[in-house]
Structures are given as C-alpha cells and as structure tokens.
Amino acid sequence: MNNPISVNNRTYSWPKKTTIVICLDGSEPGKDGYIEKAIEMGFMPCMKSIIGKGTYEIGKCAMPSFTNVNNLSIVTGTTPDVHGICANFFYNQDEKKETLMNDDSFLRAPTIFEAFEKSGANLAVITAKDKLKKLLGKNLKKSICFSAEKADLANLKDCRIENVLKLVGKPVPEVYSADLSEFIFAAAVKILERGDKIDLMYLSTTDYIQHKCAPGSDIANAFYKMIDGYIEKLLSFGCKVAFTADHGMKAKSNADGTPNVIYLQDLLNKNFPKESCNVICTITDPYVIHHGALGSFVTIYIENKEKINEIKEYIQKIEGIDVALTKEEAVKKLNQPEDRIGDLVVTCKASFALGKGEKDHDLSQLKEPLRSHGGLDETSIPIFISDKLDESYKKKNKLHNYDIFDLALNYDR
Ligand code: ZN
Ligand code: ZN
C-alpha cells in the first residue's frame, strides 16, 4: 500500500481499487435535474439501482460556474484564487488585449494527477474538448491523456497512447455532438478491457446536450441513458465510480424563444459614456455556437477608477442582475485571483444572460432557446460515489465539486 499523497494542502489516500471520477459537464441537479429526471422516467436503470447503495449529495461549484474553471478546481482540489484559472478569457493588462486562458502556463497549482503520477500511480485522463487536455495534463509524463476531439492525433509521446480510433472502434466525433462525450466513455472501457492497471481515471464530458435540451427531454434522456450504460460497464470491472459536474445549467430565454439578455456594454456606454468601461464575457471561447458567448458572469475593466462604486450601484439596480462586486469583494467572496479579474464582477439571475454589446454576439448559430451558466444560480452540482462513505464526510460544512477526489479516496468504510 502506498503512502497518502499531499497536494495543495489536501491529502489523498492511495486508491484501493481503480477509481474513476467523471465530470458530467453542465449536469444541473435537483428535483428537476438531468439525472433525477432520467432516473424517474426510467432511462437510468443502473443509477436507479445503485444510487441508494452509494452516496449522493448536491453540492456547489466554484465561481464563475464555467467549464475550465471548475475542471481545474476539481483536479486541483482548490479554488481559482489558488489555481489561477478563473475563466476561458481574461484581459491581459500588460498586453492590453483579451487573452485565452487555455495554455497550461496559466495554471498556478499542481494537479492531483501530477502528484499521484510522481508517486508511481497509473492514470488515464480523457477529455471531450482539446482545450482542456493541455490544462488537465500539465506536467504529466507517464499518464494516458488525450481528448476525444483530437483522438486521431493521440500519440505515445504526448498522450502515452496511440491508435485510439482503432482501439475504440469509432471515428473522430464531431465537436458539437453527444458522440464527443460518448467517445470518452467508450475509450475508458476499452482501456480497462485491454488490461491496463489504472489507479485513477478522470473523464470530462462536454455540455453540448445540456445547452440544447432541458432535463427530462428526449435528447437529454437519451444522453443520460448512454451514460448509465457506461457507468454499469465501468462498475462491472470492479471500479469505484464517482461523478460530479463542473456547473449547472439554466434556461435563459423569453417566451418567444429569444435570449433574455442584459447587454451591459450598451447600457454602460449610454449611462457612463466617458468612463471607458470594457465588459468582458469570460465564457467566450473558440467554441461558442451553443451559447453565443452568453453566460451569467462578466467582468468589467473601468478606466476611471473613481467611478467604480457609482457604476457598481447603477448595475445593481438593473433588473435581472444578481450581484455586482468590486474586485476586492470578488476576491474575498468568490475566491477569484486578483490579477485576472476586472474592477467589477457581475452575475445575473437564473433566467437572464449577460452580454457585451448587442452587436458583439452572433446569435445566428443559436438554434435552440438559450440555456447557459456562469452565475451563482448555476452553481448547484451533483456529487455521487458508488460506495457508501464513512459518515464523517458529513461534518464538512459545505460540499463542493472540488471535494470529489477527497470524497472518492478518503472516506472508505
Ligand atoms: Zn461546462
Ligand atoms: Zn457550457
């Protein structure tokens, strides 16, 4: 038995059996959540039979409730003030331009994977989109690590695996598809089937389906049915299976199906024309088709610092706004890295979305009523571990998605 691993001020016991942690992107939980609905409607028979034998809780994610932010929170066991990834984009003050935060140099904390690999553990990390692979795989030298999106390019040097398409028996999936997520599970099964001795596995899906479809809809149910089948398969190898989500998901459209957007840049230009406010929608990434770069969180850079509080007060009164915080407040209340957020951080309520200017968002590709995330109203996430845990985990005052490795490894009965 190997010694426990310490990383980022937390300690993790060595997995007693192959432990698979899954991030089900955008899996809004609760009475009307994706999993609950699918179970209720008979689409997740495996989960229905095991949920009571394992541990199921609803917890919270880190802010903003975005994908990369929370995947990195999960795999470091920390919040953005520690690991540094607080958005897909940030405004680079030195270069005076909006910069993508998908390079691993932006990550400031070691991952749990890196720490386990250094101690000799065998790991496999599989993501949907390639943008995450680099961040999750930082400093990994021996572990399998690849994305479904670029599965055809996976090679021994960079990914410690090759001929993935042949192994999985599927073509490279479309980026905007349920297949992208299914490929990950199929690959995980094949890796176990061929006999790899894996200690820890991390699978991270995409929220393409959740952006399109509400819980309980045919498409969502079919997606969770697919996942249920794979959970059953993974359990059949004798693995421990745990899952959480990076964030939730809320409908954000008007009765006529148009997105219910607060265009904050337009409002600020009109009311504070001289203050040079720059609204940054940090959900923006190279893949925006399914949400038009509209989420529930923005950060604002304001040239005239004397006006920050006045602008904050104005924003707070706008209908649909949830919170407007100064940088200092956001660092304290939302665990944000001070140097990567603007002078104000603004979130909107569940049924609203926040935009820059109306002209800045191309909504022509948005085929379904908008569903998105990013704010405090999308921070509820499911937490499941296929084993009953030692009850002492209940002493934690709040459960977060970034506790999932702790829960999956440290509370064996
Ligand atoms: Zn996500
Ligand atoms: Zn999303």
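Structural data are supplied above this passage.
This write-up is about the structure you can find in this document. In this text the structure is predicted, and so the values were computed from the model without any measurement.

## Points about the overall build of the chain
No. 1: Counting secondary structure elements, the chain contains 15 helices and 19 strands.
No. 2: A compact globule built from 413 residues should have a C-alpha radius of gyration of about 22 Å, and the chain, at 21 Å, falls within 12% of that.
No. 3: Taking the principal axes of the C-alpha coordinates as reference, the chain spans close to 65 × 45 × 45 Å.
No. 4: Buried residues in the chain amount to 60% of all 413 residues.
No. 5: In the chain, once contacts between residues fewer than 6 apart in sequence are set aside, the share between residues at least 24 apart is 72%.
No. 6: In the form shown here, the chain has an accessible surface area of approximately 16600 Å², with 48% of it arising from carbon and sulfur atoms.
No. 7: On the chain, the mean spot of the 54 positive side-chain charges and the mean spot of the 57 negative ones are 4 Å from each other.

## Looking at the environment of Lys 133
No. 1: With respect to the secondary-structure elements, Lys 133 resides in helix 6 (residues 130-136).
No. 2: The contacts of Lys 133, once residues within four sequence positions are left out, are Thr 127, Cys 145, Phe 146, Ser 147, Asp 158 and Cys 159.

## Here we look at the coordination of the zinc ion (ligand 1)
No. 1: Around the zinc ion (ligand 1), the protein contributes the donor atoms Asp 25 (OD), Thr 67 (OG1), Asp 246 (OD) and His 247 (NE2), which lie 1.9 to 2.1 Å from the metal centre.
No. 2: Here the zinc ion (ligand 1) binds four donor atoms, and the angle range of 88 to 141° at the metal identifies the geometry as irregular.
No. 3: A spacing of 4.2 Å is found between the zinc ion (ligand 1) and the zinc ion (ligand 2).

## Here we look at the pairing of strand 7 (residues 123-127)
No. 1: Counting buried residues in strand 7 gives five out of five residues, a clear majority hidden from the surface.
No. 2: Neither face of strand 7 is open: one carries Leu 123, Val 125 and Thr 127, the other Ala 124 and Ile 126, and all of them are buried.
No. 3: Pairing geometry for strand 7 and strand 9 (residues 200-204), over five bridges, is parallel. Counterpart to Leu 123 in the pairing with strand 9 is Leu 200.
No. 4: Where strand 7 lies against strand 8 (residues 144-147), four bridges are found, and the strand directions are parallel. Looking at strand 8, one finds that Ala 124 is bridged to Ile 144.
No. 5: Chirality of the crossover, the property in question, places the unit of strand 7, helix 6 and strand 8 among those that are right-handed.

## Here we look at the coordination of the zinc ion (ligand 2)
No. 1: Only Asp 207 (OD), His 211 (NE2) and His 373 (NE2) from the protein coordinate the zinc ion (ligand 2), and they sit 2.0 to 2.1 Å from it.
No. 2: The sequence pattern describing where the donors of the zinc ion (ligand 2) fall on their chain is D-x3-H-x161-H.

Thresholds, definitions, all that
For every chain, the first residue of the written sequence is number 1, and numbering continues from 1 onward in sequence order. For naming, the first written chain is A and the first written ligand is 1, with later ones following in the order written. Thresholds applied to this predicted model are a pLDDT of at least 70 for local features of residues and 80 or more for the giving and counting of side-chain atom pairs; totals over whole chains, interfaces and linings are not thresholded and use all residues. For the side-chain quantities, the full set of heavy atoms in the structure was used; hydrogens and water were omitted. Only DSSP runs of H or I reaching four residues or more are called helices, and only runs of E reaching two or more are called strands; each is numbered from the N terminus. Here the radius of gyration uses the C-alpha set of atoms, whereas the globule reference equals 2.2 Å times the residue count to the power 0.38. With a 1.4 Å probe rolled over the protein chains alone, any residue whose accessible area is under 20% of its type maximum counts as buried; one over 50% counts as exposed, and the rest are partly exposed. Should any heavy atoms of two residues lie within 4.5 Å, those residues are counted as being in contact. Per-residue and other accessible areas were derived by the Shrake-Rupley procedure at a 1.4 Å probe size, with only the shown protein chains allowed to occlude residues. In this charge count, Lys and Arg are treated as positive and Asp and Glu as negative; neither His nor the chain ends contribute. The atoms used to mark charge sites are NZ of Lys, CZ of Arg, CG of Asp and CD of Glu. For Na, K and Ca the donor cut-off is 3.2 Å, while for other metals it is 2.8 Å, and in both cases only N, O and S atoms qualify; water is not among them, so sites may look incomplete. For four-coordinate sites, all angles between 85 and 135 degrees define a tetrahedron; for four- and six-coordinate sites, opposite donors beyond 155 degrees with the remaining angles between 65 and 115 define square planar and octahedral shapes respectively, and all other cases count as irregular. Whether two strands pair depends on DSSP finding at least two bridges between them. The handedness rule is simple: strands pointing away from the viewer, and a clockwise path from the first strand over the helix to the second, make the crossover right-handed.

The quantities given are spatial measurements derived from coordinates; they are silent on function.
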